[in-house]
Amino acid sequence: MKKEKVRRLISASAMLFPLLLTVAILTSLVLKALPIISLKSLPTLIFSSAWQPQKGHFGLWPFILGTLWVTITAFILAAPVAIFTSIYLAEYAPGKLKKILAPGLDLLAGLPSVIYGLWGILLIVPFISKYLAPLFSSYGSGYSILAAGIVLAVMILPTIINISVEVLNSVPTELKEAALALGATKFEVIYYVAMKKARPGLIAACALGLSRAFGETIAVMMVVGNVPEVPHTLFSPAYPLPALLANNYGEMLSIPGYDSILNFAALLLLLIVLIFSLMSRLYLNRLKRRS
Amino acid sequence: MDTAWEKAKFKRPKRKIIDSLFRLAAFSSAVLVVVILTLILMTILIRSLPALKLSMIIRTPGTGYYLGHEGGILNAIVGSLELISGATLIAFIIALPGVIYLNTYLKKNSPFSEAVRFSLDVLWGIPSIVYGVFGFLLMLAWHLRASLLAGMVTVALVELPILSRAMDETIRMVPSEIKEAAYSLGASRWQTAIRVILRQAFPGIITAVLIALGRGLGDAASVLFTAGYTDRLTTSLFQPVATLPLAIFFQLNSPYPEVQQRAYASAAILTFLILLISLVIRFFSRKLSRHKIK
């Protein structure tokens, strides 16, 4: 019986590992960020747009804005396409087509972010600088918020679609049939019955996609331009938080406060993403339990 | 009465129009998704074909490789494989007993299992760049340099929630009657877990491992400052290691078109590996489930 006890102990501690890891990541980032937070005030760090590490100005506002712009652009582009696609897959598509599309979506979800970034550089960036931006009389390299938004939108499509299809499929057929029997058109059935029933799940799917977009690093930094200025239009370059970390974190410069501000940036990113993904996960879990 | 009927008569076409417009929107969105997928694969394929030579996959970078001279990215291919096999092994060793404990020792809705599953969800949501930062802090604490070991540990942390969650889902699906049958025959919890539940969940576990491998293979942000980069093959845990995503990333930043070409070729190699993994997943989930008791 002693053996059983040892096994039990080992597997129990393995089970506790994720809990401890979560706490460890949070506390280590907080500890590393504390020096700069106590040196400058939180509002200055977050809302100041002066980024001159050599002179001791550490305003993260341009980076935060860059993250927001890119994420929101991606979301606006991706959400409608994803929802419509999942409606097609759940309600209209014949079984054969679904069988072809499912592996395609899996592949799209599994492609590494470098591949998406490369695709952005090869196709999206030149398209923007040659054709799209001149239409709005804006001339630049094409490395812009819009480019990053398009690439990110494509990246989060499969996440949103997969969950949405699942949610739409879980709407009871009887409900839809009842509406059909009352003379509703297919559109009315989907819009007034299926989507109404599935709305919380669809929102959660979108929120999950949004949190994915927030933290994406490599693909975004390959096409966004990485200029630490407050962006003004979709065609201007930006410098999101993950890109800031990826470009600067490894080479701890000997500027005082520099490593601490980077850790603070990581903490900020972590907190934003955590809040988002937690809310949507909790929401989804609660829905699952109810059904 | 009459006017109501008239109204309905006129409304009917409008409803029909909306109905077909909606259908059209849904259909064209789905087409758009397919077009985008094809566009990505075609772009990579067309751009990479001219640079895709055998020497790319059987040679390490020679002298002046980054100026466009001879060589290949064998270092990155081997490095990536070393990295993900080690990382997945570490993640698996932690995930498996944890998942077993969750599903056999704890009661179905114990607050503990809720908390653990919740923390796995939390970990899943953390961006890999943050894992990279955390891995770097671990390296500083342990006085490690950027190395295969540090990269393995960091990627293992990225893979852990994916692996645990996927294995948890399949093990949870095992019908409780099978468990109860084993218990009634006098098997201990551990014996039941290893000999009965794991066998039943085997296809799902293989799939979970493959998914984690794919995630680790493609992840660049977590190895950016933990694994380093080298032009040679890595033979020790304490040497830096080259990885495919970073190979693509670095070659792409080169001003020389020949080197950029090779970035495209490396991208094709990476895409091929990912494709291979997802094909193997499909194959396994079909083939292995034959031996399951249903």
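Not measured: the values here are computed from a predicted model. Throughout, a residue's number is its position along its own chain's written sequence, starting from 1. Chains carry letters and ligands carry numbers; both start at the beginning, A for chains and 1 for ligands, and go up in the order they are written. With pLDDT at 70 or above as the cut-off, local features in this predicted model cover only qualifying residues; side-chain atom pairs require 80 or more to be listed or tallied, and sums for whole chains, interfaces and linings still use all residues. Hydrogens and water are ignored here; the side-chain numbers use all heavy atoms of the structure.

1. Brief notes about the overall build of chain B
Each helix and strand in chain B was counted, giving 10 helices and 0 strands. The numbering of helices and of strands both runs from the N terminus, where a helix is a DSSP run of H or I of at least 4 residues and a strand a run of E of at least 2. The helix and strand sequence of chain B, counted from the amino end, reads α-α-α-α-α-α-α-α-α-α. In this description the radius of gyration comes from C-alpha coordinates, and the expected globular size is given by 2.2 Å times residues to the power 0.38. Scaling as 2.2 N^0.38, a compact globule of 294 residues should have a C-alpha radius of gyration of about 19 Å, whereas chain B reaches 25 Å, well beyond that. Along the three orthogonal principal directions, the C-alpha set of chain B runs to about 90 × 65 × 40 Å. Here chain B holds 294 residues, and the buried ones make up 51% of them. Put simply, 72% of the contacts in chain B that link residues at least 6 apart link residues at least 24 apart. The Shrake-Rupley method, run with a 1.4 Å probe sphere, supplies the accessible areas, and residue values consider only the shown protein chains as cover. A total accessible area of about 14,400 Å² is found for chain B, and carbon and sulfur atoms account for 67% of it. Buried, partly exposed and exposed residues are distinguished by accessible area as a fraction of the type maximum, computed with a 1.4 Å probe on protein chains only: under 20%, between the cut-offs, and over 50%, respectively. Should any heavy atoms of two residues lie within 4.5 Å, those residues are considered in contact.

2. Here's the deal with the interface of chain B and chain A
At the interface, 73 residues of chain B touch 78 residues of chain A. Both faces considered, chain B and chain A share a buried interface measuring about 6,900 Å² in area, 80% of it formed by carbon and sulfur atoms. Computed with a 1.4 Å rolling probe, the buried area is the accessible surface lost when two parts are put together, summed over both parts. Broken down residue by residue, the surface that chain B buries against chain A is led by Phe22, Ile40 and Tyr101 of chain B, which jointly contribute 9%. The salt bridge criterion pairs a side-chain nitrogen of Lys or Arg with a carboxyl oxygen of Asp or Glu, the two atoms within 4 Å. Inspection of the chain B/chain A interface yields 2 salt bridges. Across the salt bridge formed by Arg282 of chain B and Asp106 of chain A, the nearest N and O atoms sit 3.0 Å from each other. N or O atoms within 3.5 Å of each other form a polar contact, as long as, within protein, one can give a hydrogen and the other can take it, and as long as residues adjacent in sequence are counted only when both atoms are side-chain atoms. For the pair chain B and chain A, the number of links is 7 residue pairs in polar contact (both at pLDDT 80 or more). Of all the secondary structure elements, the ones that give two or more residues to the side of chain B that touches chain A are helix H1 (2–48), helix H3 (74–105), helix H4 (111–125), helix H5 (128–142), helix H6 (148–173), helix H8 (189–218), helix H9 (244–252) and helix H10 (257–287) of chain B. Broken down by element, the side of chain B that touches chain A gets its largest block of residues, 22 residues, from H1 of chain B.

3. Some thoughts on the domain arrangement of chain B
Residue and element names in this part refer to chain B. Segment limits for the domains were obtained from an automatic or database-derived domain assignment. Per the domain assignment, the segments making up chain B are domain 1 (2–51) and domain 2 (65–291). For domain 1 and domain 2, the distance between their C-alpha centres works out to 37 Å. Taken together, the contact pairs 6 residues of domain 1 with 7 residues of domain 2. Summing the contributions of domain 1 and of domain 2, the shared interface buries around 510 Å²; its carbon and sulfur component is 72%. On the domain 1 side of the interface with domain 2, the three residues burying the most area are Ile44, Arg47 and Ala51, jointly 66% of the side's total. Counting every contact that joins domain 1 to domain 2 gives 0 salt bridges.

4. A closer look at the nonpolar core
Soluble globular proteins: nonpolar side chains tend toward being buried together. Residue and element names in this part refer to chain A. Core analysis: the largest hydrophobic core is formed by 188 residues, its most contacted members being Ile25, Leu60 and Ile261. With 17 residues, the single largest contributor to this core is helix H6 (residues 145–169). When neighbours within four sequence positions are excluded, Ile261 is seen to be in contact with Ile36, Leu45, Trp51, Phe58 and Leu60. Throughout this description, the term nonpolar core refers to a set of buried Ala, Val, Leu, Ile, Met, Phe, Trp, Tyr and Cys residues connected via side-chain atoms within 4.5 Å.

5. Describing the environment of Ser176 of chain B
Along the chain, the position of Ser176 of chain B falls in helix H7 (residues 176–184). On the accessibility criterion, Ser176 of chain B (32% relative accessible area) is partly exposed.

6. A closer look at a nonpolar patch on the surface
Patch membership needs two things, relative accessible area over 30% and no salt bridge, and members are linked within 9 Å if like-charged or within 5 Å if nonpolar (Val, Leu, Ile, Met, Phe, Trp, Tyr). Taken together, Leu123 of chain A together with Phe27, Val31, Val35 and Leu39 of chain B make up a surface patch of nonpolar side chains, about 360 Å² in accessible area. Of all the elements, H1 of chain B adds the most residues to the nonpolar patch, at 4 residues. Residue placement: Val31 of chain B occurs in helix H1.

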